[in-house]
Amino acid sequence: MIDENIEDRVMDEFSIPHIAFPQDTIQQKKALARRISTLKCEELLLASTMAFSYEGIIAGITIEQIEYFAKNAPINFKKELIKSILTEYRMKEVFEIAKSMDDDLGEGIMQNQNRIKKVIQYIQDNGAVFQF
């Protein structure tokens, strides 16, 4: 049997990861992005709708997750994500997080920035899926 406190903590981390991981510094935002990138595709859907307005969450989404998200997420999740990627200051911060993650990997590395570009391109290419 799982200790209820552990179970509650795990569910909180999944459903409100932006609270389970404070978002005051770039280091904290990178930690959240890294956590999001390790989630199984279906686990991303355990988050609350408002989670997709947090830059650290967007910065961690993988192409596999966004494909699953497009097929399986409720429309309110999709609308929140679209609203976020259309908000210039949010996307600026998403790319700052991704760049900082890349800087941690070494000079000239752009894997996280390229991943975010691919996620955005996927959303743009499949816009109708995210509107209905």
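The structure we're discussing is the one just above.
J.: Break down the overall build of the chain for me, citing the residues and quoting the values.
T.: A count of helices and strands for the chain gives 10 helices and zero strands. The secondary structure elements of the chain, listed N-terminal to C-terminal, are α-α-α-α-α-α-α-α-α-α. Buried residues in the chain amount to 44% of all 132 residues. A fraction of 65% describes how many contacts in the chain between residues 6 or more apart in sequence connect residues 24 or more apart. Summing over all exposed atoms, the chain offers an accessible surface of approximately 7,500 Å²; the carbon and sulfur share of this is 54%.

J.: Talk me through the packing of aromatic side chains; I want residue IDs and the actual numbers.
T.: Enumeration over the complete set of coordinates arrives at three aromatic pairs. Judged by centre distance (5.5 Å) and plane angle (45°), the ring pair of Phe 52 and Phe 77 falls under tilted. Of this pair, Phe 52 sits in the loop between helix 4 (41-44) and helix 5 (55-58) while Phe 77 sits in helix 7 (residues 75-85), and the two are 25 residues apart along the sequence. Exposure remark for Phe 52: the relative accessible area of 0% places this residue in the buried category.

J.: Go over the nonpolar core with me, naming the residues and quoting the values.
T.: Residues Phe 52, Ile 61, Ile 66, Phe 69, Leu 81, Ile 123 and Phe 130 are the most contacted members of the largest nonpolar core, which totals 32 residues. Contributing elements (two or more residues each) for this core: helix 3 (26-37), helix 5, helix 6 (63-72), helix 7, helix 8 (88-105) and helix 9 (111-125).

J.: Quick rundown of empty space enclosed by the protein? Include the residues and the values.
T.: The full count for this structure, using the stated rule, is one cavity of 30 Å³ or more. In this model, the largest cavity occupies a volume close to 30 Å³. Taken together, Ile 58, Leu 81, Ile 85, Ile 116, Val 119, Ile 120 and Ile 123 make up the full set of residues lining the largest cavity. Elements represented by at least two residues in the lining of the largest cavity include exactly helix 7 and helix 9.

J.: Could you give an account of the environment of Tyr 54, naming the residues involved and the relevant values?
T.: Looking at the secondary structure, you find Tyr 54 in the loop between helix 4 and helix 5. Exposure remark for Tyr 54: the relative accessible area of 25% places this residue in the partly exposed category. Considering only alpha carbons, one finds Tyr 54 and Gln 23, 31 residues apart in sequence, at a separation of 8.7 Å.

Rules used throughout
Residues numbered from 1 in each chain as written. Predicted model: local features only at pLDDT ≥ 70, side-chain atom pairs only at ≥ 80, totals over all residues. Heavy atoms only, no water. Helix = DSSP H or I, 4+ residues; strand = E, 2+ residues; numbered from the N terminus. Buried < 20%, exposed > 50% of the residue type's maximum accessible area, 1.4 Å probe, protein only. Contact = heavy atoms within 4.5 Å. Areas by Shrake-Rupley, 256 points an atom, 1.4 Å probe, with all protein chains shown as cover. Phe/Tyr/Trp six-rings, centres within 6.5 Å; stacked < 30°, edge-to-face > 60°. Core = buried A, V, L, I, M, F, W, Y, C linked by side-chain atoms within 4.5 Å. 1 Å grid on protein atoms, 1.4 Å probe; cavity = no way out; pocket = protein on both sides within 12 Å on 5 of 7 lines; lining within 4 Å. Points joined across faces, edges and corners; volume = space filled by probe spheres on them.

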